[in-house]
Amino acid sequence: MLFAIVISIVILQRLVELVVAKRNEQWMRSKGAFEAGAAHYPIMVAMHIAFFISLLAEVILLDRSLSSIWIILLVIFLTAQVARIWCLTSLGKFWNTKIIILPGADVVQKGPYKWVRHPNYVIVTTELLVLPLMFGAYLTAIIFTLLNVWMLSVRIPAEEKALKDATNYREKFSLD
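Residues numbered from 1 in each chain as written. Predicted model: local features only at pLDDT ≥ 70, side-chain atom pairs only at ≥ 80, totals over all residues. Heavy atoms only, no water.

> What is the right way to look at the side chain of Glu159 in this model?
On the secondary structure map, Glu159 appears in helix α5 (residues 138-166). Within the buried set, Glu159 has no salt-bridge partner at all; the shortest N-O distance to an opposite charge, 4.5 Å, is to Arg155. Apart from residues no more than four positions distant in its own chain, Glu159 is found in contact with Ile99, His118 and Tyr121. (Helix = DSSP H or I, 4+ residues; strand = E, 2+ residues; numbered from the N terminus. Buried < 20%, exposed > 50% of the residue type's maximum accessible area, 1.4 Å probe, protein only. Lys, Arg positive; Asp, Glu negative; His and termini not counted. Salt bridge = Lys/Arg side-chain N within 4 Å of Asp/Glu carboxyl O. Contact = heavy atoms within 4.5 Å.)

> For this particular structure, what's the right way to read a nonpolar patch on the surface?
On the surface, a nonpolar cluster with roughly 850 Å² of combined accessible area is contributed by Ile43, Ile60, Leu61, Leu62, Leu139, Ile143, Leu147, Trp150 and Val154. Listing elements by their share of the nonpolar patch, those giving two or more residues are α2 (41-61) and α5. Summarising the element assignment, Ile60 is placed in helix α2. Residue classification places Ile60 among the exposed residues on the basis of a relative accessible area of 56%. (Patch = residues over 30% accessible without salt bridge, like charges linked within 9 Å, V, L, I, M, F, W, Y side chains within 5 Å. Areas by Shrake-Rupley, 256 points an atom, 1.4 Å probe, with all protein chains shown as cover.)

Given below as structure tokens:
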């Protein structure tokens, strides 16, 4: 029962985030923004969809049981959700699932972005590991943690290049 509740809430949350991202994208494009890293975006979306399918399949078909430390994992997961909301509200209209860059914009340096350049990716990585571990889905945890590391090795450089080229990102973070 806990699995059904948690997975339903997380999927609903992701769908709401896609609506917010689309609205933010339209606003940013109306201001002259462009998309960077478009080639890898469909792969990232497919990876996240496959994550949920894998998690559902492993837990249900392989009859995985709740971890003995599920309460600790749930607290970590819920903390990540609070941090996720902090990231989204800190970026405001600049938050997106795509790499949408508004040329000449000042990079956001509030909330967690004061201390970490890509806090949302830390949160996503945490979620992709903790959520399956909570429900004993070890294969999903391993496979998608590795796939996420690969995805971030493509995505972060694409995002940083676009930010350096079109905003004050280089100055704000003292990058060469």
